[in-house]
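Each chain, letter by letter, is given below.
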There are 2 protein chains.
Amino acid sequence: MSITSDILRGHTEAIILSSLLEQDSYGYQINKDIMKKTNNTYELKEATLYSAFRRLEQAGCIRTYWGDETVGARRRYYAITDEGRMAYQGYKQEWQEVKKIIDKLLK
Amino acid sequence: MSITSDILRGHTEAIILSSLLEQDSYGYQINKDIMKKTNNTYELKEATLYSAFRRLEQAGCIRTYWGDETVGARRRYYAITDEGRMAYQGYKQEWQEVKKIIDKLLK
DNA sequence: CATATATACCTCGCCTGTCAATGTATATAT
DNA sequence: ATATATACATTGACAGGCGAGGTATATATG
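Calculation notes
- Counting restarts for each chain, with residues numbered from 1 along the sequence as it is written.
- Lettering of chains starts at A and numbering of ligands starts at 1, both following the order in which they are written.
- In keeping with the predicted nature of the model, local features appear solely for residues at pLDDT of at least 70, side-chain atom pairs appear and are counted solely at 80 or more, and the whole-chain, interface and lining totals rest on all residues.
- No hydrogens and no water enter the side-chain calculation; it runs on all heavy atoms of the structure.
- Any two residues having at least one pair of non-hydrogen atoms within 4.5 Å are treated as being in contact.
- Take the accessible area each of two parts loses on contact, using a 1.4 Å probe, and add the two losses: that sum is the buried area.
- For this document, the term salt bridge refers to a Lys or Arg side-chain nitrogen within 4 Å of an Asp or Glu carboxyl oxygen.
- By the criterion applied in these results, polar contacts are pairs of N or O atoms within 3.5 Å in which, for protein atoms, one can donate a hydrogen and the other can accept it, and in which residues neighboring in sequence qualify only through two side-chain atoms.
- Counting from the N terminus, the helices are DSSP H or I runs at least four residues long and the strands are E runs at least two residues long.
- Lys, Arg, Asp and Glu make up the charged group, whereas Ala, Val, Leu, Ile, Met, Phe, Trp, Tyr, Cys and Pro make up the nonpolar group; the residues left over, Gly among them, are polar.
- A least-squares fit on C-alpha atoms brings the copies together, and the residues used are those whose pLDDT is at least 70 in both copies.
- Any residue with at least one heavy atom within 4 Å of a molecule or strand is counted as near it.

Listed as interface residues are 35 residues of chain A and, on the opposing side, 35 residues of chain B. Across the interface of chain A and chain B, roughly 3,500 Å² is buried in total on both sides, 68% from carbon and sulfur atoms. Between chain A and chain B we count 4 salt bridges in total. Across the pair K99(A) and D103(B) runs a salt bridge, and its minimum N-O distance is 3.0 Å. The interface formed by chain A and chain B holds 14 residue pairs in polar contact (both at pLDDT 80 or more) in total. Looking at the side of chain A that touches chain B, the elements with two or more residues in it are α1 (5-8), α2 (12-22), α3 (27-37) and α5 (82-105) of chain A. Ranked by residues supplied to the side of chain A that touches chain B, first place goes to α5(A) with 13 residues. Taken together, the residues of the side of chain A that touches chain B break down into 16 nonpolar, 9 polar and 10 charged.

Structure follows, in structure tokens:
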């Protein structure tokens, strides 16, 4: 079963931040990681991914730099900031709340 | 802490169906029930509620009838259909999946 | 009697996140 | 040559949530 967008909506940024918590990474790789972690049940669409990057950068949650690849396509790397770490903690806590609430409501 | 719209988005219909599973009810009451169940941490906005009713009716998940109140404001009652029960089971199962996925992704 | 509050319904139009479609460029496999 | 994988990015449509606004009935309060 695949998960509808509306259900995942709003988790995108938290998911990206979580990935960046482990290590700096770039768009393509982050998405691959997500797919792997979820056994291919969930993937961020590229447009969704990149618009989330813009928002996160705008909010100061991530900063970006170009990789120094000499071969292959260039990579734009993302790194989580202190602000991003804080935002992530908020997202995570919110998720715990949401779980409780929805579990209560869907009986 | 209040829950952002984006997080709850997509759960609205499931929440309403769940409420109707217990008994026929009407908009105002359904919302009150939800608030009570969540200790006032979550309420559906009216516009959200009514647009969800329209979708659910359109999809054949609920049917509606007017109450026979002789005093006070009229009430439009909603009842869940067999189709609605099936849809609810789907939503519920999806929620179990989503919980697992997000838990995996937010480490 | 005037006013506020609670109950109960509803619509319009904006906002925002998702995503299909499309485009660019590099490298490798067949 | 052609296809596929890697890697980036933008545009415009779509859909759900919701603020703001509206209608009507009943009761409480000063």
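There is more to say, and it comes next.
With that settled, the discussion passes to the relation of the copies chain A and chain B. Each copy superposes on the other: chain A lies on chain B with an RMSD of 0.1 Å after a rotation of 180 degrees and an axial shift of 0.0 Å. In short, the pair behaves as if placed about a two-fold rotation axis. Of the residues that chain A buries at the interface, 100% are likewise interface residues in chain B, meaning the two copies contact each other through the same surface.

Now for the protein's contact with DNA strand D. Neighbouring DNA strand D are 25 residues; Y28(A), R75(A), R76(A), R9(B) and T12(B) lie closest to it. Put simply, 72% of the atoms of DNA strand D that lie within 4 Å of the protein are in sugar or phosphate. Here a phosphate oxygen of DNA strand D and a side-chain polar atom of R54(A) are 3.2 Å apart. Contacts to DNA strand D include G72(B), whose backbone N or O atom sits 3.0 Å from a phosphate oxygen. At the level of secondary structure, the elements contributing two or more residues to the surface near DNA strand D comprise α3, α4 (46-58) and β3 (76-80) of chain A together with α4 (46-58) of chain B. Element by element, the count of residues in the surface near DNA strand D is highest for α4(A), at 4 residues. Its residues assigned to classes, the surface near DNA strand D comprises 9 nonpolar, 6 polar and 10 charged.

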